[in-house]
Amino acid sequence: MTVELSEKIKDENSWEFYVDKLYNLCTQGNYKKAVEVCEIGLSKAGRIPALLSYMGYILYEMKQYENAIKYCTESIKIDDFDHLSFYYRGLCYYGLNNYEMAIKDSNSMLEVIETSSKAYYLRSISEKSLNQKEKALSDIDMAIKYDPENQLYKDEKELILKM
């Protein structure tokens, strides 16, 4: 870690300070406290995409999908290359059974990072939910191509093949 970054992590007015705290809280599964810390960060450091995206992730983990979508959308409006906000928002849409929007966000994520196994996976499970077996199979194969050790992807492929 550079000296400059370690100094920013100590500054309670920097977004880096809050991202560091949020990482630790989320690793521990303490999402309720993470929401509180993120709200403070957003008020002190500003409506920074990294914090907005983190709030989207936290709320997704708490299954508060509609609220998570709002934060991710705000982040994307500021930074339309924020691939993580597209991903978390897509997961929320998937959780709400809005598979078309999950596919749309997967496509947007792939425009930013065309080798994203997560985007291919999300698009695949959304297509599977829409009974689009061939598309789902093609996308899960791409997810496996970019993350060949991921057992979840391999298991999902088996489920798609049984459709």
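Fair warning: this is a prediction, and the values are worked out from it, not measured in the lab.

Chemist: Would you mind going over the overall build of the chain with me for this structure?
Modeler: The helix and strand inventory of the chain stands at 10 helices and zero strands. Listing every helix and strand of the chain by position from the N terminus yields α-α-α-α-α-α-α-α-α-α. A principal-axis box enclosing the C-alpha atoms of the chain has dimensions of 50 × 30 × 30 Å. Side-chain charges of the chain comprise 21 positive and 27 negative groups, with the mean position of each set lying 4 Å from the other.

Chemist: Sorry if this is basic, but what is going on with the nonpolar core here?
Modeler: Proteins that are soluble and globular tend to have nonpolar side chains buried together. Core analysis: the largest hydrophobic core is formed by 46 residues, its most contacted members being Leu22, Cys26, Leu42, Met55, Tyr57, Ile58 and Ile140. In terms of residue count, the dominant contributor to this core is helix H4 (residues 49-61) (seven residues). Once residues lying within four places of it in the same chain are set aside, the contact partners of Leu22 are Ala34, Val37, Cys38, Leu51, Tyr54 and Ile58.

Chemist: Where do I start with the packing of aromatic side chains in this structure?
Modeler: Remark: the centre distance and the inter-plane angle together describe each pair of aromatic rings, the angle taken between the planes. With the rule as written, the count across this model stands at nine aromatic pairs. Seen in terms of ring centroids, Tyr54 and Tyr57 are 6.2 Å apart; in terms of plane orientation they differ by 75°. Their pairing is edge-to-face. On the criterion of helical spacing, the pair formed by Tyr54 and Tyr57 is a turn pair, its members being three residues apart in helix H4. Tyr57 sits in the buried class, given a relative accessible area of 19%. Here the aromatic rings of Tyr120 and Tyr146 are separated by 6.0 Å at their centres, their planes lie at 25°, and the arrangement is stacked. You can see Tyr120 sitting in helix H8 (residues 117-129) and its partner Tyr146 sitting in helix H9 (residues 133-146), a full 26 residues away along the chain. The exposure class of Tyr120 is buried, given its relative accessible area of 11%. What makes Tyr146 partly exposed here is its relative accessible area of 31%. An aromatic cluster of three or more residues is present, and its members are Tyr31, Tyr54, Tyr57, Tyr87 and Tyr88.

Chemist: Help me understand the pattern of salt bridges, please; the structure alone is not making it clear to me.
Modeler: Oppositely charged side chains can pair when the atoms bearing their charge come close. Scanning all chains against the criterion turns up seven salt bridges. With its nearest N and O atoms 2.6 Å apart, the salt bridge here joins Asp105 to Arg89. With Asp105 in helix H7 (residues 99-112) and Arg89 in helix H6 (residues 83-95), this residue pair connects regions lying 16 residues apart in the sequence. Residue class for Asp105 comes out buried when judged on its relative accessible area of 1%. Note on Arg89: relative accessible area 12%, which makes it buried. A salt bridge links Asp141 to Lys157, with the nearest nitrogen and oxygen atoms 2.7 Å apart. Separated by 16 residues along the polypeptide, Asp141 in helix H9 and Lys157 in helix H10 (residues 151-161) bring together distant segments of the chain.

Chemist: So what exactly am I meant to see when it comes to the packing of helix H2 (residues 15-27) against H4 here?
Modeler: The packing of two helices is summarised by the inter-axis angle and the distance between the axes. In the contact formed by H2 and H4, the axes pass within 10 Å of each other and the chain directions differ by 15°. The angle between H2 and H4 places the two elements in the roughly parallel class. The two elements H2 and H4 cross, and the hand of that crossing is left-handed. Residues Trp15, Tyr18, Val19, Leu22, Tyr23 and Cys26 of H2 lie in contact with H4, whose contacting residues are Ala50, Leu51, Tyr54, Tyr57 and Ile58. When the residues that make up the contact of H2 with H4 are grouped by side-chain class, the tally is 11 nonpolar, no polar and no charged.

Conventions adopted
- Residues numbered from 1 in each chain as written.
- Predicted model: local features only at pLDDT ≥ 70, side-chain atom pairs only at ≥ 80, totals over all residues.
- Heavy atoms only, no water.
- Helix = DSSP H or I, 4+ residues; strand = E, 2+ residues; numbered from the N terminus.
- Lys, Arg positive; Asp, Glu negative; His and termini not counted.
- Charge placed at Lys NZ, Arg CZ, Asp CG, Glu CD.
- Core = buried A, V, L, I, M, F, W, Y, C linked by side-chain atoms within 4.5 Å.
- Buried < 20%, exposed > 50% of the residue type's maximum accessible area, 1.4 Å probe, protein only.
- Contact = heavy atoms within 4.5 Å.
- Phe/Tyr/Trp six-rings, centres within 6.5 Å; stacked < 30°, edge-to-face > 60°.
- Salt bridge = Lys/Arg side-chain N within 4 Å of Asp/Glu carboxyl O.
- Axes fitted to C-alpha atoms, helices over the stretch in contact; angles between N-to-C directions.
- Parallel < 35°, antiparallel > 145°, perpendicular 65-115°, else oblique.
- Left-handed = near helix turned anticlockwise from the far one by under 90°.
- Nonpolar A, V, L, I, M, F, W, Y, C, P; charged D, E, K, R; others polar.

Any link to function would need more than the numbers given here.
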